[in-house]
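# Fold and contact review
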Amino acid sequence: MSRIGKLPVPILDKAKVSVDGQTVSVEGPKGKLEKTFDSAVNIEITDNTVCVKPVDDSRHARAMYGTARSIIDNMVQGVVEGYSKKLEIKGVGFRAALVGNKLDLALGYSHPCIVDIPTGITVTIKENTKLTVEGADKEAVGQVTAKIYSFYPAEPYKGKGVHIVGQYVRRKEGKKSA
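The following refers to the structure shown.

What counts and what doesn't
- Residues numbered from 1 in each chain as written.
- Predicted model: local features only at pLDDT ≥ 70, side-chain atom pairs only at ≥ 80, totals over all residues.
- Heavy atoms only, no water.
- 1 Å grid on protein atoms, 1.4 Å probe; cavity = no way out; pocket = protein on both sides within 12 Å on 5 of 7 lines; lining within 4 Å.
- Points joined across faces, edges and corners; volume = space filled by probe spheres on them.
- Helix = DSSP H or I, 4+ residues; strand = E, 2+ residues; numbered from the N terminus.
- Nonpolar A, V, L, I, M, F, W, Y, C, P; charged D, E, K, R; others polar.
- Expected span 1.5 Å × (residues − 1).
- Buried < 20%, exposed > 50% of the residue type's maximum accessible area, 1.4 Å probe, protein only.
- Salt bridge = Lys/Arg side-chain N within 4 Å of Asp/Glu carboxyl O.
- Pairing = 2+ DSSP bridges.
- Axes fitted to C-alpha atoms, helices over the stretch in contact; angles between N-to-C directions.
- Contact = heavy atoms within 4.5 Å.
- Arc of directions from axis to C-beta.
- Phe/Tyr/Trp six-rings, centres within 6.5 Å; stacked < 30°, edge-to-face > 60°.

## Concerning the layout of surface pockets
Of the voids in this model, the largest pocket is the one considered here, and its volume is about 190 Å³. Contributions of two or more residues to the lining of the largest pocket are made by strand S4 (31–36), helix H2 (59–80) and helix H3 (138–151). Per-class residue counts for the lining of the largest pocket are three nonpolar, one polar and five charged.

## Some thoughts on H2
The terminal C-alpha atoms of H2 lie 33 Å apart, and with 22 residues this matches the ideal 32 Å at 1.5 Å per residue to within 8%. Of all the residues in H2, the buried ones are Ala61, Tyr65, Gly66, Ala68, Arg69, Ile72, Asp73, Met75, Val76, Gly78, Val79 and Val80. With its phi angle positive at about 85 degrees, Gly82 sits one or two positions after the end of H2.

## Some words on the pattern of salt bridges
Scanning all chains against the criterion turns up five salt bridges. Where Arg62 meets Asp57, a salt bridge forms, and the shortest distance between an N and an O atom there is 3.7 Å. The partner of Arg69 in a salt bridge is Asp73, with the nearest N and O atoms 3.6 Å apart. Highlighted residues: Arg69 and Asp73, both in helix H2, separated by four residues, approximately one helical turn. Take Arg69: its relative accessible area is 9%, and that puts it in the buried class.

## Examining the sheet that holds strand S3 (residues 23–28)
Strand order across the open sheet formed by three strands is S2-S3-S4, with antiparallel pairing between neighbours. Only two strands of the sheet have a single neighbouring strand rather than two, namely strand S2 (16–20) and S4. Pairwise comparison of adjacent strand axes, ignoring direction, gives a mean angle of 10 degrees for this sheet. Pairing geometry for S3 and S4, over six bridges, is antiparallel. Counted as the bridge partner of Thr23 is Thr36 from S4.

## What about the sheet that holds strand S9 (residues 102–106)?
What the three strands build is an open sheet, ordered S8-S9-S10; its pairing is antiparallel. With partners counted over all chains shown, the strands left at the sheet margins are strand S8 (95–99) and strand S10 (113–116), one partner each. Direction aside, neighbouring strands of the sheet carry axes that sit 25 degrees apart on average. Sheet contacts for H3: S9 and S10; angle to S10, the most-contacted strand, approximately 175 degrees.

## Brief notes about H3
For H3, which comprises 14 residues, the first-to-last C-alpha distance of 21 Å matches the rise-based estimate of 20 Å (1.5 Å per residue) to within 8%. Where H3 is concerned, the buried positions are Val141, Val144, Thr145 and Ile148. Buried residues of H3, seen end-on, are gathered within an arc of 95 degrees and therefore sit on one face of the element. Every exposed residue of H3 that faces more than 90 degrees away from the buried side is listed here: Glu139 and Gln143. On its buried face, H3 sits against strand S7 (83–90), S9, S10, strand S11 (121–126), strand S12 (130–135) and strand S13 (161–164).

## Focus: the packing of aromatic side chains
Taken as a whole, this structure holds two aromatic pairs when the rule is applied. Among the aromatic residues, those joined into a ring-pair cluster are Phe94, Tyr109 and Tyr152.

Structural data, given as structure tokens:
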């Protein structure tokens, strides 16, 4: 049995959760999220908590109920508090600009790198190099951050590229001349 899956998900004061079969809807001050889960889990609301249980003792059901519980917990946290990731762009001439719902990145290539920002996600830019990606959906925030990071990951020699704040990048010593 999953140690995570056994724990009930507490419904926070500002959140409103409804379960319709396998579909869970969560609404709060930061937005509304809805997700449909695998039929291998039973989801029910009891005593201001959401309980997730496997349908049977199959390996798939045991794997899915811990996952479903974590996703529901992230949904409840997201609509009440929200999630954010901070990025920093380092390099001469590297910058970011917002054009409508598209993020335009100049990362030293001969072409601009364009990222479509999905609905429910907000990107704020400070000083042309500091980005903050915010939203209620943890998965979407992480996906947009990973997309931006994938254009030019921080390189270990000069430290140029897109850095995720809080992530360690090992620096390497360059070639030595004889």
